[in-house]
Amino acid sequence: MDAAFSDLPDDIDALKAALTIERAKMREVTAERDVGAAELAVARAKASADLAMIAHQKLRIAKLERQLYGPRSERSSLLIDQLALQFEELEASATEDELAAEIAVAKVTTVTGFKRQRPERNTFPEHLPRERVVIEPPTACDCCGGNRLRKLGEDVTKTLESIPRQWKVIETVREKFTCRDREKISQAPAPFHVIARGWAKLAKVPPALAGGMPAEGGANLLAMILFEKFGQHQPLNRQAERYAREGVPISLSTMADAVGSGCKALEPVLRLVEAYVMAAERLRGDDTTVPVLAKGKTDTGRCWVYVKDDKPFGGSSPPAAMFYYSRDRKGEHPQMHLAKYVGLFQADAFEGYRKLYLTDRSPGPILEAGCWVHARRPFFAMADLEQNARQQAAGKKAIVLSPIAIEVVRRIDALFDIERPINGKSAEERRMVRQELSRPLVDDLRVYLREQRAKLSSAHDLAKAIDYILKRWPAFTLFLSNGRVCLSNNAAERALRGIALGRKSWMFCGSDRGGQRAAALYSLIVTCKMNDIDPQAWLADVLARIATHPAHRLDELLPWNWKPATASAAA
């Protein structure tokens, strides 16, 4: 360090000159980096556009073949659905990459931007009612301030909007005025639209006066498309069919554009939700399978969820959930998700979580809390008296019941009976009740499990179920000394329930990028539901406001802080 400083000049002017040179070098390095990033973003956007175009052509060919030669089998119909899903995911990915390229190119001057060519889209059906919204025109010339203005024309932006199953086109008019003194044109600024490139070809009304009329998708329509896809589990091709039956045909590529643009616009809010969840003192985690469309087959991906919910121990912090997608179930994924997390973590005994609980982990160890519901399930399978009675009544083979399993289930249920009255109490109150009532039951259960385990062979199902608990005894008994721990991980399982329902509807994700988009929207939609917020209303309001909302006040748009724009204005 001393040798490095000894090489520096003592003269202040010389030091300033050296600092100026270093700053110039740093600017050059930054500029080169920005150029490289812009070139990479443009290349990625071009590649995504090519993939989307190829998928679109494949879909068109398949539909034409079916139209020409008729349906050869049910499989051909399924193939078209698969191609449609793959296309919508690629189209949304291409839109995201194009937006990212625009942002990267804007930082440099030496890289040519990329604008994806889109097929010409039809204007809105004429039978839809029109609502004319005229923005207040300027009263003075923008150039000289004079008030001798006369109307030159107007720009009309047509926005397709959905108002609870009513369709209409809102024509937002920006009148143009020209100054008689300076011959300068004055006009109100254009409003923000999530999809800036428009949904239809330009039109002229009237041709002699008006400018272009880009047709946009309104925030309510975009919110409905997103919520239907990710909240109601309706793929875009099914939505398009339903909207066409209502007299409003919207192409699949148009709706895929909406998904890509909507996800990109909501990303800042998603990052805030992620930071909020990962700052929790206690998290619950779980994962489930997500079929993913692959070349000639369907792979099995995973969707991971981490839930912050302090209500069981009287916490006042709002609940939230963060979802992630991965192609497989390797332990590296939760380790990456929770790389900066330190605190309590309640989940199943997945081996991939092991490294999270190491004492020498950086930034610190995570305390493992066991889930008694997971522990109870294998015993319950051998102790379900009601299911056994149903089997016998139906004339089917009866389940082999185990007296040991019945006894273990009875003892675990006694622990849950103690929990119900203290749900929502403070952590300290819960800890005191557990020490008094639950600890004796847990100690007796451990003795009983050890006694029964000694009588069973290692290959017995009961032995495996008992080992599952005994080998993780500190994790299963952490709730006795820490009132923030719950007996079950049901909150995380409830968060994943929508995916389980969705699998029956959409059957698979179209791509890895599609899985990532789904995880992002699941995070926002499930968080809204946990805070008793209507997800579609929240999406519509946030999509309409986020572009003009101050960046330092983005937390106002988080579901638990959110107030509709009308309510905010009234306040």
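Residues numbered from 1 in each chain as written. Predicted model: local features only at pLDDT ≥ 70, side-chain atom pairs only at ≥ 80, totals over all residues. Heavy atoms only, no water.

**Observations regarding the overall build of the chain**
A count of helices and strands for the chain gives 18 helices and 10 strands. Taking the intrachain contacts of the chain between residues at least 6 apart in sequence as the baseline, contacts between residues at least 24 apart amount to 67%. (Helix = DSSP H or I, 4+ residues; strand = E, 2+ residues; numbered from the N terminus. Contact = heavy atoms within 4.5 Å.)

**A word on the side chain of H549**
In this structure, H549 sits in the loop between α17 (535-545) and α18 (565-570). You can call H549 buried: its relative accessible area is 12%. One polar contact links H549 to E556, side chain to side chain, over a distance of 3.2 Å. In this view, H549 contacts L554, E556 and L557; residues no more than four positions away in its chain are not counted. (Buried < 20%, exposed > 50% of the residue type's maximum accessible area, 1.4 Å probe, protein only. Polar contact = N/O pair within 3.5 Å; in protein donor to acceptor, adjacent residues only side chain to side chain.)

**Comments concerning helix α11 (residues 427-453)**
With 27 residues, α11 should cover 39 Å at 1.5 Å per step; its first-to-last C-alpha distance of 34 Å lies more than 12% under that length. Approximately 50° is the largest bend angle found in α11, and it occurs at S438, with the proline P440 only one to four residues beyond. (Expected span 1.5 Å × (residues − 1). Bend = angle between axes of the 7 residues up to and from the residue.)

**Observations concerning the packing of aromatic side chains**
Counted according to the given criterion, the structure contains 13 aromatic pairs. Ring centres of Y306 and Y324 lie 5.9 Å apart, and the angle between their planes is 65°; this geometry places the pair in the edge-to-face category. Note that Y306 is positioned in strand β7 (residues 297-308) and Y324 in strand β8 (residues 320-326), a separation of 18 residues in sequence. Grouping aromatic residues by their ring pairs yields a cluster made of W304, Y306, Y324, F345, F350 and Y353. (Phe/Tyr/Trp six-rings, centres within 6.5 Å; stacked < 30°, edge-to-face > 60°.)

**With respect to the packing of helix α6 (residues 252-278) against helix α16 (residues 512-530)**
Between α6 and α16, whose axes approach to 10 Å, the crossing angle comes to 60°. Overall, the two elements α6 and α16 adopt an arrangement that is oblique. Between α6 and α16 lies a crossing of left-handed hand. In contact with V259, C263, L266, V269, L270 and V273 of α6, α16 contributes R517, A520, L521, S523, L524 and T527. (Axes fitted to C-alpha atoms, helices over the stretch in contact; angles between N-to-C directions. Parallel < 35°, antiparallel > 145°, perpendicular 65-115°, else oblique. Left-handed = near helix turned anticlockwise from the far one by under 90°.)

**A word on the environment of C263**
Note that C263 resides in helix α6. With 257 residues separating them along the chain, C263 and A520 place their C-alpha atoms 7.7 Å apart. Sequence-distant contacts of C263, that is, excluding residues within four places in its chain, are made with E96, R517 and L521.

**Considering the packing of helix α4 (residues 219-230) against helix α5 (residues 236-245)**
Interaxial distance between α4 and α5 falls to 9 Å at its minimum, and their mutual angle equals 130°. When the axis of α4 is compared with that of α5, the two are oblique. Judged by the sense of rotation from one axis to the other, the crossing of α4 with α5 is right-handed. Residues M224, I225, E228 and K229 of α4 pack against L236, Q239, R242 and Y243 of α5. A class-by-class count of the residues in the contact of α4 with α5 yields 4 nonpolar, 1 polar and 3 charged. (Nonpolar A, V, L, I, M, F, W, Y, C, P; charged D, E, K, R; others polar.)

**Thoughts on the nonpolar core**
F323 and F345 are the most contacted members of the largest nonpolar core, which totals 93 residues. Listed in part, the 33 residues of the second largest apolar core include L344, I412, I466 and L487. (Core = buried A, V, L, I, M, F, W, Y, C linked by side-chain atoms within 4.5 Å.)

**Focus on the pattern of salt bridges**
Pairing is possible between side chains that carry opposite charge, provided their charged atoms lie close to one another. Going through the model one piece at a time under the given rule, you end up with 36 salt bridges. Where R513 meets E96, a salt bridge forms, and the shortest distance between an N and an O atom there is 3.2 Å. One end of the pair, R513, is in helix α16; the other, E96, is in helix α3 (residues 74-105), and 417 residues separate them in sequence. On the basis of relative accessible area, R513 is assigned to the partly exposed category, the value being 27%. Residues E419 and R434 are paired through a salt bridge, measuring 2.7 Å at the closest nitrogen-oxygen approach. With E419 in helix α10 (residues 403-422) and R434 in helix α11, this residue pair connects regions lying 15 residues apart in the sequence. Each member of the pair, E419 as well as R434, is classed as buried. Residues joined by salt bridges that share partners form a network here, namely E89, E96, D97, K229, R513 and R517. (Salt bridge = Lys/Arg side-chain N within 4 Å of Asp/Glu carboxyl O.)

**With respect to the side chain of D287**
For D287, the position within the fold is in strand β6 (residues 282-294). In terms of polar contacts, D287 uses its side chain to reach the side chain of R302, at 2.4 Å. Only 2.9 Å separates the side chain of D287 from the side chain of R329, close enough to count as a polar contact. Setting aside residues no more than four positions away along its own chain, D287 makes contact with R302, C303, W304, R329, Y353 and L496.

**A few points about the pairing of strand β3 (residues 166-179)**
In terms of burial, β3 is largely enclosed, as 13 of its 14 residues are buried. Pairing between strand β1 (residues 130-134) and β3: 5 bridges, direction parallel. Opposite R132, over in β3, you have E171 as the bridge partner. One ladder, built from 14 bridges, connects strand β2 (residues 149-163) with β3; its direction is antiparallel. Paired with T157 across the bridge in β3 is T172. Here 3 bridges tie β3 to strand β4 (residues 185-187), and the two strands are oriented antiparallel to one another. Each bridged residue has a counterpart across the sheet, and for K176 the counterpart in β4 is Q187. In sequence, β3 turns back onto β4 through a hairpin of 5 residues, with E183 there showing a positive phi of about 55°. (Pairing = 2+ DSSP bridges.)

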